[in-house]
Amino acid sequence: MSRIFLSTIFLMATMFAAAQSAVSEKIVAALDSFSFNRPQEKTYLQTDRNNFIAGETIWFKAYATLNDKPTILSKVLYVDLVNEAGNVVDKKMLKLKNGTANGAIDLKSELAAGNYYLRCYTMWMLNFPAFIAEKKIRIINSNAAKEKSKAAASKKVNINFFPEGGNLITGLKSIVAFKALDENGKPVEITGDIVNVKNEKIISFSSMHGGMGSFELQPNANDTYRAIAKLADGSQKTVALPLAKEEGITLSIDNSSLGKTFVKVERSEKNKEKYNNLLLAAQLNYQVVYMGKFNFDEGLDAAAINKKNLPAGIMQVTVLSEDGKPLAERIVFVANHTISNSLLQTNLVSLEKRKKNIISFDAKDFMNLQAAIAVTNAQSDTMKYAPGILSSFLLSADIKGNINEPGYYFKDKEPETLQHLDLIMMINGWRRFNLEDIMANKFSALHYPFETSLSITGKVLQSNGKSVLKDGKIDLILKGEDSTNIMSEAKTNQNSVFVAGDIEFTKEATIYYQGTNNNNKEGLVKVIIDSAYFDTLHLAKLNTEIFLRAENPNPYLMQLLAASQATDSSKGKVLKEVVVRARKHSETDSLNALYASDIFYGSDQTLVMNQNINYYDVWQFLRMSVPGILINPSDSGVEVKFSRYEGLDFFSTNGSGSVQFFLNEVPVSISFIESLDPTDIAMIKIFKGVTGIALGVSRGAIAVYTVKGKTGRDWRQKGFDYFIKSGYAAGREFYRMDYSAVNPVNSFTDIRTTIYWNPDIKIKDGKAIIEFYNDDVCKKFKVVMEGMDANGKLLHAEKEIE
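Residues numbered from 1 in each chain as written. Predicted model: local features only at pLDDT ≥ 70, side-chain atom pairs only at ≥ 80, totals over all residues. Heavy atoms only, no water.

A.B. asks: Just to check I follow, could you spell out the packing of aromatic side chains for this structure?
C.D. replies: Within a pair of aromatic rings, the relevant descriptors are the distance that separates the centres and the angle that separates the planes. Scanning all chains against the criterion turns up 31 aromatic pairs. With centroids separated by 5.8 Å and ring planes inclined at 35°, the aromatic side chains of Phe 205 and Phe 215 adopt a geometry described as tilted. With Phe 205 in strand β13 (residues 201-206) and Phe 215 in strand β14 (residues 212-217), this pair connects stretches of sequence that are 10 residues apart. Here Phe 205 matches Phe 215 in class, with each residue buried. Summarising the aromatic geometry, the rings of Tyr 385 and Tyr 408 are spaced 5.4 Å apart at their centres and angled 75° between planes, so their arrangement reads as edge-to-face. Of this pair, Tyr 385 sits in the loop between β26 (370-377) and α3 (389-394) while Tyr 408 is found in the loop between α3 and α4 (415-428), placing the two residues 23 residues apart along the sequence. Relative accessible area serves as the criterion here: at 27%, Tyr 385 is assigned to the partly exposed category. Judged by its relative accessible area of 8%, Tyr 408 falls in the buried class. (Phe/Tyr/Trp six-rings, centres within 6.5 Å; stacked < 30°, edge-to-face > 60°. Helix = DSSP H or I, 4+ residues; strand = E, 2+ residues; numbered from the N terminus. Buried < 20%, exposed > 50% of the residue type's maximum accessible area, 1.4 Å probe, protein only.)

Right, here's the structure in full:
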């Protein structure tokens, strides 16, 4: 062999290696740029249940991540309850702390039965609407039976086929995955045959799980293929398979091993020289985890990717030409997640009425764990394999299409489960980004910023409302329903824009504002306040393509609903004659309608402040108006209690315990109440016994409402205008029945669909101890514990106790 020929081969090899290196560097740079310019936050919403009766409360804990750790960018979170029409029927704005927040949504009793979605997201995530987390829940009401009768069995079936790697290539074998769904989005199990253009049978196929399956096909030149599927009712459906290309490559991946992913590539005979030198790249979480080459002349047509030290999640495997053009792509799941069910232990179990139960969780492998736990009556939530924190963060947040029963794929790591999960990878596909686009610096536009706090933004312009005011200023006075008082100012930038940040309050606030020209104090200016996203949120475009209208309501909840309706009906039958007399609403009724929400509406006493009497303080008024109230000074301030009367042994056997105060329905310390001017109080509501359960209190409660619109000083007289702005949702605790402090022989009936909910589990010495008491009817507990630690390690532990 001549030296010239050898030199030519060496030069070609060197040039290819250099080209490969350049493409590799370009891929790494593109992923780094995408991760930096478009950081991806993800959210997950853990709820106590998935099925509810209208009038109940949804308890939830939200988790937000950035690069698989608790987010450090966004500090404000939104949770919306959306009906099938896309109408937002309720919404909450919450403050994120360490990537988590918790809250509650009270379902109105008149809410229509049907499917609803809980959407959970940050402002930044609105830039990527396809990735907003949505959780389907079911709500039943008196019209649930009617809705059920309307639901009809679906006859239309959609079947789609997905060649592995993207394309069928003439003369090359490929795995073809398929999925069959009815028009309601439910999986349909099918069997059938693949036939060619001559109607000759090539191979048979059948679904393996959830309407999904796969088969191997080697297409011939100048031939086409059809699938003749046989449905359960005996009917058939014919679907054309994707056409095979004359040239290209096929990508085959074996991901059955937990330790390695095996990749094999084949090329077509036609123009095979084009596909001799190829590049293999694998990325996970925007990090290149493997880079290699294929060279068919050298026999390099396979590779093995080591998964041992990789984080759990979706790995994108791409084969590229030597100039960096993607030719075939496949995603695989790296199953390095932890199944934590065994860490949940039962210490004391009693399914008898009102008896104590103790369970524990071994948390020593988690660092600074943020977790919530729900204990429910297993009959009240029969949704099988519901979405969980593992399926949501590691799977649903990154792929296309709906996943039926996503929790199934994280119940264990058995070979069959992982095989079914691999079908999801082949069928649903990748959607976070297109590698070719980001290598060409093609990014989607950004319209929303990261929110680090509540803020007020707008412009201060010249008096004509158009011209820029370079040296403008705005003064703000905030008067919150939660008694927050904030005075702030903000200067405008060169575009006349101002931003007043770090404004923290709950519920609603009246914002008074005045614009000023710093160069001409007496000059007139025009202030334009930007509309807040939360205040203008009424409609939502859902990502979910199909609502499963044919689902049946939960039988146990339907029984509870029917029993409740029967009780109401039987009470009505004793009336033989009804005389309706119109009456004028009392002052108390009017104030209740104006101030009190549904959960605070019913109380033992509703008191109206007599503005003609000058009370020294609020304590004087309460002593005069509330029987059995004890208001005494103590070393730490005033102490307020209810004495034993009228069934107070429901809360306590010794009559001790301080009252919980609410100011405008926000829980506050007694010092807030003590500082109020009695003339600013409109109404006070007293909750002594059973009425306090819904508020999550065990020793009674007093809710104080201040006069709406009254601020002590009318700032509008000084040239201030004003508007109303919503703040964070007010916090509320789940009432935890404690029969060690409650007389267990009381005559009330204790039926709780959610037995226990705790969104902030305390860890001590590496272990969490959870104590709760059974109700009167539950015979099987369902325990679900989920969370995330400071390193982003996810927790999902589930157990049924009977």
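Let's pick the thread back up.
A.B. asks: For this particular structure, what's the right way to read helix α9 (residues 618-625)?
C.D. replies: Note on helix geometry: an α-helix contains 3.6 residues per turn, so any two residues three or four positions apart are oriented the same way. When we look at burial in α9, the residues that qualify are Val 618, Trp 619, Phe 621 and Leu 622. Axial view of α9: buried residues confined to an arc of 160°, hence all on one face. For α9, the N-terminal capping position is held by Asp 617, with its side-chain oxygen 3.2 Å away from the main-chain nitrogen of Trp 619. (Arc of directions from axis to C-beta. Polar contact = N/O pair within 3.5 Å; in protein donor to acceptor, adjacent residues only side chain to side chain.)

A.B. asks: In this structure, what is going on with the side chain of Ser 207? I would like to understand it.
C.D. replies: Mapping Ser 207 onto the fold places it in the loop between β13 and β14. Given a relative accessible area of 15%, Ser 207 falls into the buried group. Among the polar contacts made by the side chain of Ser 207, one reaches the side chain of Glu 189 at a distance of 2.6 Å. Residues in contact with Ser 207, not counting those within four places in the same chain, are Phe 178, Glu 189, Ile 190, Met 212 and Gly 213. (Contact = heavy atoms within 4.5 Å.)

A.B. asks: Could you clarify how one ought to interpret the side chain of Asn 377 in this entry?
C.D. replies: Along the polypeptide, Asn 377 turns up in strand β26. For Asn 377, a relative accessible area of 1% puts it in the buried group. Separated by 3.3 Å, the side chains of Asn 377 and Tyr 556 make a polar contact. Leave out the neighbours within four places in its chain, and Asn 377 touches Tyr 556, Arg 752, Thr 753, Ile 755, Val 777, Cys 778 and Lys 780.

A.B. asks: Whenever I open this one, the sheet that holds strand β38 (residues 681-687) confuses me. Can you help?
C.D. replies: Two strands in a sheet stick together by hydrogen bonds in their backbones, pointing the same way (parallel) or opposite ways (antiparallel). Reading across from one edge, β33-β38-β39-β36-β37 is the order of the 5 strands in this open sheet, with mixed pairing throughout. A single partner strand is all that each edge strand has here, and the edge strands are β33 (605-608) and β37 (666-668). In this sheet, adjacent strand axes meet at a mean angle of 25° when their direction is disregarded. Pairing of strand β36 (residues 660-663) with β37 involves 3 bridges; the strand directions are antiparallel. Considered in β37, the bridge of Phe 661 is made with Val 668. (Pairing = 2+ DSSP bridges. Axes fitted to C-alpha atoms, helices over the stretch in contact; angles between N-to-C directions.)

A.B. asks: Which parts of the structure should I look at to understand the nonpolar core?
C.D. replies: In globular proteins that are soluble, nonpolar side chains generally tend to be buried together. Judged by nonpolar contacts, the single largest core of 48 residues is most densely connected at Ile 27 and Leu 395. Ranked by residue count, the leading element in this core is α4, at 7 residues. In this structure Leu 395 touches Ile 314, Leu 390, Ile 403, Phe 410, Leu 421, Ile 424 and Met 425, once residues within four positions along its chain are discounted. (Core = buried A, V, L, I, M, F, W, Y, C linked by side-chain atoms within 4.5 Å.)

A.B. asks: Hey, could you run me through unusual backbone geometry in this one?
C.D. replies: Where the residue is not glycine, phi is negative for most of them; where a peptide bond is considered, it is trans in most cases. Positive phi, close to 55°, is recorded for Asn 67, a residue that is not glycine. Inspection of the secondary structure puts Asn 67 in the loop between β3 (57-66) and β4 (69-70). According to the relative accessible area criterion, Asn 67 is partly exposed, its value standing at 43%. Positive phi, close to 70°, is recorded for Tyr 286, a residue that is not glycine. Here Tyr 286 shows up in the loop between β19 (277-284) and β20 (287-295).

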